[in-house]
Amino acid sequence: MTNVLLEKKGHIAVATINRPKALNALNSQVLEDLNEMVEQVKADEEIYALVLTGAGEKAFVAGADIGEMSSLTKAEGESFGKKGNDVFRKLETLPIPTIAAVNGFALGGGCELAMSCDIRLCADSAVFGQPEAGLGITPGFGGTQRLARLVGPGMAKQMIYTAKNIKADEALRIGLVNAIYPVEELMAAAEKMAATIAKNAPIAVRACKKAINDGLQVDMDQAIVVEEKLFGSCFETADQKEGMSAFLDKRKHEPYQNK
Ligand code: DAK
């Protein structure tokens, strides 16, 4: 993997899209490396949270690679869209929490990639947008779906129809990002949040993610059953026993074991 770098730091991992000369634009090779990175993270039981960012000072990801897309046929366009969608969905359903550290442009496929993560933190220099309609296409990596779910249909339609970019403060205002940091503090903040998550009981954290994601796909009557099942499953874990015993014994719990 040369287009996506993966670094482990204790129980967290940091993945960096690494094609800075093209502002980390997503070509087929980057999508393949992203897929490989997600597979590696999924297979590693020691990783409890993932931070995803872009190399260089200008961009998280400036979109799908326009050069590669420009000459696609209808069939090739569908196949490119599927390739991206499959990887983004795999990232979205990765069992562990994911944080996008958006360090600059997050346009088109870049905005869609950030939205496939659980949490978005951004630099004060970040710029978000779905410029596709201005290029003669629709968003193709889930933008029409995830943006509407995150910020509501009205604001999503405005961003997608106008193809106008928004700055970090507007992204915060509409709920597209959770917080803004000075660019030089962004990675430390993202890694600190990931490490905070990683200190909690990993099985419970994964169950929380599954409960939220699966519950959002069904009506409330079914959603609370999703939660009940996952809640129940935690009582088979050693970490639940240690966490609750520690509370009752008025002591700090031992580091959780992911068991
Ligand atoms: N693709 C390819 N190369 C890109 C790129 C991109 N999206 N964005 C930037 N680059 C390249 C530039 O061509 C330039 O390369 P060289 O000329 O140096 O070789 C280099 O990165 C630096 O960019 P600039 O010189 O343009 O840098 P500036 O600071 O002047 O401008 C910018 C930064 C982000 C404002 C500008 O680069 C820009 O507007 N980039 C394009 C942003 C954009 O429109 N992104 C959305 C792409 S559309 C689908 C599947 C997927 C999608 C849609 C459908 N289906 C199959 C249905 C997804 C679509 C998109 O993501």
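This report concerns the structure included in the present document.

Cut-offs applied
Residues numbered from 1 in each chain as written. Predicted model: local features only at pLDDT ≥ 70, side-chain atom pairs only at ≥ 80, totals over all residues. Heavy atoms only, no water. Helix = DSSP H or I, 4+ residues; strand = E, 2+ residues; numbered from the N terminus. Rg over C-alpha atoms; globule rule 2.2 N^0.38 Å. Buried < 20%, exposed > 50% of the residue type's maximum accessible area, 1.4 Å probe, protein only. Contact = heavy atoms within 4.5 Å. Areas by Shrake-Rupley, 256 points an atom, 1.4 Å probe, with all protein chains shown as cover. Lys, Arg positive; Asp, Glu negative; His and termini not counted. Charge placed at Lys NZ, Arg CZ, Asp CG, Glu CD. Near = heavy atom within 4 Å. Polar contact = N/O pair within 3.5 Å; in protein donor to acceptor, adjacent residues only side chain to side chain. Nonpolar A, V, L, I, M, F, W, Y, C, P; charged D, E, K, R; others polar. Pairing = 2+ DSSP bridges. Axes fitted to C-alpha atoms, helices over the stretch in contact; angles between N-to-C directions. Disulfide = S-S within 2.5 Å. Patch = residues over 30% accessible without salt bridge, like charges linked within 9 Å, V, L, I, M, F, W, Y side chains within 5 Å. Salt bridge = Lys/Arg side-chain N within 4 Å of Asp/Glu carboxyl O. Parallel < 35°, antiparallel > 145°, perpendicular 65-115°, else oblique. Left-handed = near helix turned anticlockwise from the far one by under 90°.

Examining the overall build of the protein chain
Next up, step 1: Counting secondary structure elements, the protein chain contains twelve helices and ten strands.
Next up, step 2: Radius of gyration (C-alpha) of the protein chain: 19 Å, near the 18 Å computed for a compact globule of 259 residues.
Next up, step 3: Here the C-alpha coordinates of the protein chain stretch approximately 65 × 40 × 35 Å along the principal axes.
Next up, step 4: The buried share among the 259 residues of the protein chain stands at 46%.
Next up, step 5: Considering only contacts in the protein chain between residues 6 or more positions apart, those separated by 24 or more positions represent 69%.
Next up, step 6: When the accessible area of the protein chain is evaluated, it comes to approximately 13,400 Å², of which 57% is carbon and sulfur surface.
Next up, step 7: Across the protein chain, 29 positive and 34 negative side-chain charges occur, with their mean positions spaced 1 Å apart.

Some words on the site of the ligand
Next up, step 1: Of all residues adjacent to the ligand, which total 24 residues, the nearest are Lys58, Ala62, Ala64, Gly77 and Gly109.
Next up, step 2: The contact in question runs from an oxygen atom of the ligand to an N or O atom on the backbone of Gly109, over 2.8 Å.
Next up, step 3: Elements represented by at least two residues in the shell around the ligand include exactly α2 (66-69), α3 (74-92), β6 (105-107) and α5 (132-135).
Next up, step 4: Here the shell around the ligand is composed, by residue class, of 13 nonpolar, seven polar and four charged.

Digging into the sheet that holds strand β10 (residues 179-181)
Next up, step 1: Taken together, six strands build an open sheet; the order of strands is β1-β2-β3-β5-β7-β10 and the sheet is mixed. The open sheet has two edge strands, β1 (4-9) and β10, and neither has a second partner. Averaged over all pairs of adjacent strands, the angle between strand axes in this sheet comes to 20°, irrespective of strand direction.
Next up, step 2: The sheet contact formed by strand β5 (residues 98-102) and strand β7 (residues 119-123) spans four bridges and is parallel. Each residue of the ladder has a partner; that of Ala101, found in β7, is Leu121.

What to know about the state of the cysteines
Next up, step 1: Applying the stated criterion across every chain yields a total of zero disulfides.
Next up, step 2: Between Cys117, a cysteine without a disulfide, and Cys111, which holds the nearest cysteine sulfur, the sulfur-to-sulfur distance is 11 Å.
Next up, step 3: Here Cys117 falls in the buried class, since its relative accessible area comes to 5%.
Next up, step 4: Cys234 takes part in no disulfide bond, and the closest cysteine sulfur to it belongs to Cys208, at a distance of 7.0 Å.
Next up, step 5: On the basis of relative accessible area, Cys234 is assigned to the buried category, the value being 16%.

A word on a nonpolar patch on the surface
Next up, step 1: Together, Ile66, Leu135 and Ile137 give the surface a local cluster of nonpolar side chains, amounting to about 270 Å² of exposed area.
Next up, step 2: If you trace the backbone, Ile66 turns up in helix α2.

Side note on the packing of helix α1 (residues 28-43) against α3
Next up, step 1: Orientation of α1 relative to α3, taken along the N-to-C sense of each, is 25°, at an axis distance of 10 Å. Considering their axes alone, α1 and α3 lie roughly parallel with respect to each other. α1 and α3 meet at a crossing whose hand is left-handed. Between α1 and α3, the residues in contact are Ser28, Leu31, Glu32, Leu34, Asn35, Val38 and Glu39 and Phe80, Lys83, Gly84, Val87, Phe88, Lys90 and Leu91, respectively.
Next up, step 2: The residue makeup of the contact of α1 with α3, split by class, is seven nonpolar, three polar and four charged.

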